[in-house]
Every structure is written in structure tokens, then in C-alpha cells.
Amino acid sequence: MKSLTKRLLKLLALLSAEAALVGLVFLASLLVFGYMTREVFILQDTGLDGALFQFAASHRSESMTRLMRFFSFFASADYLLVAPALIVLVMAWFHHLRWYALKVLVIAFTSTMLNQLLKRLFERPRPITAMLEQSGLSFPSGHAMIGGSFYGLLIYIVWREVKSPFWRWLWVSLLSLLLLFIGYSRIYLNVHYATDVLAGYAMGIIWLLVAIWLMKKLERWYFGRLERLEGRKLES
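Residues numbered from 1 in each chain as written. Predicted model: local features only at pLDDT ≥ 70, side-chain atom pairs only at ≥ 80, totals over all residues. Heavy atoms only, no water.

### A few points about the side chain of Arg 168
Here is step 1: Within the secondary structure, Arg 168 is located in helix α7 (residues 165–188).
Here is step 2: Although Arg 168 is buried, it makes no salt bridge; Glu 161 carries the closest opposite charge, 10 Å away.
Here is step 3: Beyond its immediate sequence surroundings of up to four residues, Arg 168 is in contact with Val 158, Trp 159, Val 162 and Lys 163. (Helix = DSSP H or I, 4+ residues; strand = E, 2+ residues; numbered from the N terminus. Buried < 20%, exposed > 50% of the residue type's maximum accessible area, 1.4 Å probe, protein only. Lys, Arg positive; Asp, Glu negative; His and termini not counted. Salt bridge = Lys/Arg side-chain N within 4 Å of Asp/Glu carboxyl O. Contact = heavy atoms within 4.5 Å.)

Given below as C-alpha cells:
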């Protein structure tokens, strides 16, 4: 009995720590997005953007440009039209991953729609020094925001489902590094300001946490309804 009580207390402590961490990440993301918005549209401070453009220019070369274009591809529209669909198809084969498959599809689609809405709301033009021809507006960065929610969800799935600590940390580290390089590639290629990228990361995380919370509510409602229907069938 004492052993069971200790295990329950440890589980409650872990859940509380996880909830507190999620709350802190959500709050920090809100603050970052608010701060970037204030810097760009109220104070019109370009210090951070200029400093990052100068830093990128200090190590620019043909090989580095090719590498940055390579990383940039992994959050491009062409890639994100295909990758989520392929992941959904793979996950659909595994019964315990099917609900995650729905999350991938829903979050990829809704984060894209939200990003376009925010771009229309803020209407910030792209940098005139862009090294690639890009259409659309600049704030927040779609690569950072949509990539943040997409790869953030993959990190969440890996953390929840991969049992081996080695492989879990390896995949989380690789996905996190990929996401960081994607954001930096947009600054290096001058297609986004640093403030666009930071705001994109922040909003991507915000929407990811909100979407996961909403879908957990939906999941509980759906399976609760199934249980009630099964109970009625057994009674009849």
C-alpha cells in the first residue's frame, strides 16, 4: 500500500511539473511574440534585424548559401504539402498512433491558415535585400511558425512514444537543431527579418500548445461518448 501511494505521489509530482513547464513555455512564447510585435510595429526598432543580417553576411559563401537553401526547403510550402500527408499515412498503419496522425494533419493545416491571417493583419513587407524571390508578406515567418508547430508536434510525439532515452533524446535533439537551422536560414537568405523568425517560433509554439489542448479535450469527449454508447448497447 505504501509503495502504491509513493508511486501515485511521484506521478502527481511529475504531472504537476509537466503542467508547470507547459504553462511557462506558453507564457514565454506569448511574451516573445508581444515583444517582437512591439519592437517592429510600435517602436520600429530595427537593431536586432540589422545585427543578425550583418552576422549572416560575415560568413556568407556559395557553399553556405547552398546549405541554408537546403535547410530552408524543410519548411517550404512544397515540402509541407507532402511531408504531413506521408507522416499521416505511416501513422495510420499503427493503431496507437492514429490519433497522432489526425493531430499532424489538423495542426499543419490550421497553423498555415493562422500564419496567413497574421501576415494579412500585420502586412510587413519582406526585406528588399532578399536573396530568393519570395511572394507574400514577412511577419511572422511562415517557415518558423508552421515549421515550429509541425516539428514541435513531432518532438512531442517522439517524447511521448519513444521509450528508449537514447533514441528519444537523439530524435528530439535532431528535430530541434533542424528547426533552429530552418529559422536561421531565412535570416541568412534575407527573406525574413530576425524579428519575423522569433515571432514565428513564438506563435508556432503557442498554436501547437493550444491545438494539442483542444484536441485532448476532443479526444476525451469522443472516447467518453464511445464508452457511453457501448454501455448502452450492453444494457440493452
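### What about a nonpolar patch on the surface?
Here is step 1: The grouping of Phe 166, Trp 167, Leu 170, Trp 171 and Leu 174 at the surface amounts to a nonpolar patch, some 530 Å² of accessible area in total.
Here is step 2: When you line up the elements, Leu 174 lands in helix α7. (Patch = residues over 30% accessible without salt bridge, like charges linked within 9 Å, V, L, I, M, F, W, Y side chains within 5 Å. Areas by Shrake-Rupley, 256 points an atom, 1.4 Å probe, with all protein chains shown as cover.)

### Overview of the pattern of salt bridges
Here is step 1: Enumeration according to the criterion identifies three salt bridges in this entry.
Here is step 2: Ionic pairing is found between Arg 124 and Asp 49, a salt bridge with its closest N-O pair at 3.1 Å. One end of the pair, Arg 124, is in the loop between α5 (98–122) and α6 (142–161); the other, Asp 49, is in helix α2 (residues 47–58), and 75 residues separate them in sequence.
Here is step 3: Relative accessible area serves as the criterion here: at 9%, Arg 124 is assigned to the buried category.
Here is step 4: Asp 196 is the salt-bridge partner of Arg 124, the closest N and O atoms lying 2.7 Å from each other. Here the residue Arg 124 occupies a position in the loop between α5 and α6, and Asp 196 occupies one in helix α8 (residues 194–235), the gap between them amounting to 72 residues. With respect to burial, Arg 124 and Asp 196 carry one shared label: buried.
Here is step 5: What emerges from the salt-bridge pattern is a single network uniting Asp 49, Arg 124 and Asp 196.

### Overview of α5
Here is step 1: Taking 1.5 Å of rise per residue, the 25 residues of α5 would be expected to cover 36 Å, and the 36 Å separating its terminal C-alpha atoms lies within 8% of that figure.
Here is step 2: Of the residues trailing α5, Glu 123 is marked for its positive phi of about 50 degrees. (Expected span 1.5 Å × (residues − 1).)

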